[in-house]
Structures are given as structure tokens and as C-alpha cells.
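The lines below spell out each chain.
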Amino acid sequence: MHILLGVLAGLAVLVVLVTIHELGHALAALKNGVTVEEFAIGFPPTVWSKKLKNGVDFKINALPLGGYVKLQGEHDSASEPGDYGSASFWAKTQILFAGVFFNFVFACLLMTILAWTGLPQVLPNQFRLANDGKIVHSPVQVDKVLDDGPAKRAGLKADDQLLKINQQQIDSPDQLRQITKRLAGQEVTVEYRRLSDKQTVAQTKVKLNDHQTAEKSGYIGLLPFQEAKLYAGWSAPIVGVGTVVQMMGETLKGVGQVFVNFFGGLVQKLSFDQTTRQHADQKIAQAGQSVAGPVGLLGVIFPALIGGEITKFVLFVALISLTLAVMNALPIPALDGGRWLVTALFRGLKKPLTKDLEEQIHGTGMLILLALTLLITVGDIFKLF
């Protein structure tokens, strides 16, 4: 039942974000006098449809895999009144990037809500205003218990909150490391709270590793983590926008690094030097580990929803909306940024962009994107096992 709920929620998130994106295109088109023939949530077959007063054929389709908007005369060479092709270059720019803008604004809205209710700190030096708001740290928790370590032998489990060691309060992972290092080799009393057992507070004896053994699995044999959340006041909208802009920069850097690793690795694979080819394999593997497709995204959404972590769920939705904006803005044929770039190039060269040529360019781009999506999806599935 939980898995089914996660699947439905994940699909709902993707449909909502794509619908918001397509709504941006539709509204910008109507604003600039371009006829919107069809606006659909999901993909055919059609379940329900209605002709709106503005002439748009609004449809709800059976396959919840996104949505689309159909404009009259979508090719750049179209010239009839109401055609997308007959609109000015500035109007086309607005239409193409309106979807990106809507996803960006939606991410800012979600981040603003989180800034009021508790925005997780996921970046070093994450954006905030020093004169407003406060950062609240959660208790130190167990992220992972290492095999054959002191913590596992003592019965500690993942997600346990570590409260005290020998009556000394634990306020941070760094403090935990300092205490266990100082008490290396000794038996200590660990007080913890088990969230999976009605938040019961209990104690257990742990025989810490000595300095020599600690080199392999640490002094206590676990990986700790601690969440920090920012609670903003009047600055929440500023924090929301600032955080999205900061994360957009990180996303662009990440995308750039993926391209550098992937294409740089492919070039190095041509080298006659074995060491260089091995380094190329590592780069290509890093590129594969850094990207996620639909399965990977749903794999992130499922645990947050099933675990009841609404804050993380909203944060993931905001990040996916931002990622959708960034990826669509890239100058890749078939994407919004690529369509704009092709239009701009032919306009600059003062050459006609025929319907056949435009379809060839963006059709090729779409095939490449579909192939990459398939490869990434297969990689996501293998990561699950």
C-alpha cells in the first residue's frame, strides 16, 4: 500500500510540474496573440475534454506522464494569423522561456513556504539574512550502523537519536567524534531515543574501539548525521528566491561537470595510454552516477512520502521543479533553450528555417534525449539492486 501511494504521489508530482511548465507556454502564447489549440494534462487516450471560452481544447488524458500544449502553426516558417511562426522573435522568446520561468517561480514559492516552516540546510553557507531567522539543529542521529562495529554489537540502529555518552550531552557529530576518541577502548553508556519504538529513551553499554581498531570502522562504528533547519520571519520570500538562485547555480555547475566528465571521458578513451583510458572510465562512471531519470526521481520521492517527511518531500518537489527549469533552458535541440537557439541562429544568418529542416534538427535532438533517458533509467534500475 505504501509503495502504491509513493508511485501515485511521484507521478502526481511530475504531472503537476510539467503542467505548470506547459501552462507558462500557453499563457505566454495567448498574451502574444498565438492561438492555443490544445492544452492537455497527461497523454492520450483522452478521458475528458472541454472547449474553453477562449477556444482552447482542454483535455485530461489517461496516461499520467506529464502534459503538453499545442499551438497553431508551431513551425517557425508558419505565417498565418495566430500561428506561432508568425509571431515576433521577442514573442517567441517569451513563449519558449515562459515554462522555465513558471517552474522557477513555483520552486521559489515552495522554498518561501519552507523558509517560514523550516527550510533544511543542504548547502554549505546556504543563503540566509543574518538579521532575521534562526537555525535549529535536530538531535544527532545514526545514519548507518557499520557491520561488526561496537554500535551494531550494542544494538543501535539507523535513525536512533544519540542523546548522551556517560551523561555528557551530544550536540553535534563533531562532538560525538571527540568524545568517542577521548574514551577510546573504554566501555561507555550511550543514552538514545528510538523513533521507531514510540520515541522510547533507552541506554546501552558500548565497548568503543581502541585507537588502532578505530582506523577501520571508527571508535563507535556508526555514521552520524544532524539536520539543520532555517526558520525565517519577514525575510522568508527573500530567502526562498535566494536559495533557489543559489541552488540553480549549483545545478548548472553539476550539469557542466557531468558534460565535462562524460565527453572528456569519451575523448580520453581514444588514447593509446592505458592509464588515461582507465581514468576515462572513471570519468564516464562519475557522469553516470551524477544523473537520475524518472525512476531515480521517483526513488527519491517515495522514501520521503512513505516516511511521512513532508518537509523533505516539499524540498524535493522544489528541487525537481528547479531542475526542470534549468534543463529546459539548456541550448539542446528539442528543449526550449535549443528551440530558441536554432531560431536565433537562422534569424542571425538571415536564412529561412523550413518546416522539414526544423523537424530534422529537433527530431534528432529528441531521439538523442530519449536514448539518454533510456540509458539513465536503466542505470537507475541497476542502482536499486
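Going by the structure above, here's the rest.
First, a word on what this report is: a plain description of the structure on this page. (Residues numbered from 1 in each chain as written. Predicted model: local features only at pLDDT ≥ 70, side-chain atom pairs only at ≥ 80, totals over all residues. Heavy atoms only, no water.)

1. What about the overall build of the protein chain?
Thought 1: When its secondary structure is counted, the protein chain shows 11 helices and 11 strands.
Thought 2: Expressed as a percentage of the 385 residues in the protein chain, the buried residues total 39%.
Thought 3: If you take every contact in the protein chain between residues at least 6 apart in sequence, the share linking residues at least 24 apart comes to 64%.
Thought 4: Looking at the protein chain as shown, the accessible area adds up to about 21400 Å², and 63% of this sits on carbon and sulfur atoms. (Helix = DSSP H or I, 4+ residues; strand = E, 2+ residues; numbered from the N terminus. Buried < 20%, exposed > 50% of the residue type's maximum accessible area, 1.4 Å probe, protein only. Contact = heavy atoms within 4.5 Å. Areas by Shrake-Rupley, 256 points an atom, 1.4 Å probe, with all protein chains shown as cover.)

2. Some words on helix 4 (residues 173–182)
Thought 1: Turning to helix 4, its buried residues number three or more, namely Pro-173, Gln-175, Leu-176, Ile-179 and Thr-180. One face of helix 4 carries all of its buried residues, which in axial projection span an arc of 155°.
Thought 2: Where helix 4 is buried, its residues touch strand 5 (140–145), strand 6 (161–165), strand 7 (168–169) and strand 10 (222–225). (Arc of directions from axis to C-beta.)

3. Describing the pattern of salt bridges
Thought 1: The full count for this structure, using the stated rule, is seven salt bridges.
Thought 2: Ionic pairing is found between Glu-227 and Lys-312, a salt bridge with its closest N-O pair at 3.2 Å. Here Glu-227, found in the loop between strand 10 and strand 11 (228–231), pairs with Lys-312, found in helix 9 (residues 310–329); they are 85 residues apart in sequence, far enough to count as distant.
Thought 3: A relative accessible area of 25% means that Glu-227 is categorised as partly exposed.
Thought 4: One continuous salt-bridge network, built from bridges that share partners, spans Glu-38, Asp-57 and Lys-59. (Salt bridge = Lys/Arg side-chain N within 4 Å of Asp/Glu carboxyl O.)

4. Things to note about the packing of aromatic side chains
Thought 1: Enumeration over the complete set of coordinates arrives at six aromatic pairs.
Thought 2: Look at Phe-39 and Phe-58: their rings are 6.2 Å apart centre to centre, the planes differ by 15°, and that puts the pair in the stacked class. You can see Phe-39 sitting in strand 1 (residues 36–51) and its partner Phe-58 sitting in strand 2 (residues 57–71), a full 19 residues away along the chain.
Thought 3: When its relative accessible area of 8% is taken as the criterion, Phe-39 is described as buried.
Thought 4: With 6.4 Å between their ring centres and 65° between their planes, Phe-101 and Phe-102 make a pair best called edge-to-face.
Thought 5: Chaining the aromatic ring pairs together yields one cluster made of Phe-39, Trp-48 and Phe-58. (Phe/Tyr/Trp six-rings, centres within 6.5 Å; stacked < 30°, edge-to-face > 60°.)

5. Concerning the environment of Ile-320
Thought 1: In this fold, Ile-320 is placed in helix 9.
Thought 2: Between the C-alpha atom of Ile-320 and that of Leu-14, which follows or precedes it by 306 residues, the distance is 8.6 Å.

6. Some words on the nonpolar core
Thought 1: Counting residues in each nonpolar core, the largest one holds 23 residues, and the members touching the most others are Met-111, Leu-119, Val-239, Val-244, Val-317 and Leu-322.
Thought 2: Of all the elements in the fold, those that place two or more residues in this core are helix 1 (2–31), helix 2 (89–117), helix 6 (236–268) and helix 9.
Thought 3: Apart from residues lying up to four places away in sequence, Leu-322 is in contact with Phe-104, Ala-107, Val-244, Met-247, Met-248 and Thr-251. (Core = buried A, V, L, I, M, F, W, Y, C linked by side-chain atoms within 4.5 Å.)

7. Re the environment of Leu-353
Thought 1: Its location among the elements puts Leu-353 in the loop between helix 10 (336–349) and helix 11 (355–383).
Thought 2: Look at Leu-353 and you get buried, because its relative accessible area is 5%.
Thought 3: Separated by 276 residues in sequence, Leu-353 and Ser-77 have C-alpha atoms that sit 6.2 Å apart.

No statement about biological role is implied by the geometric values presented.
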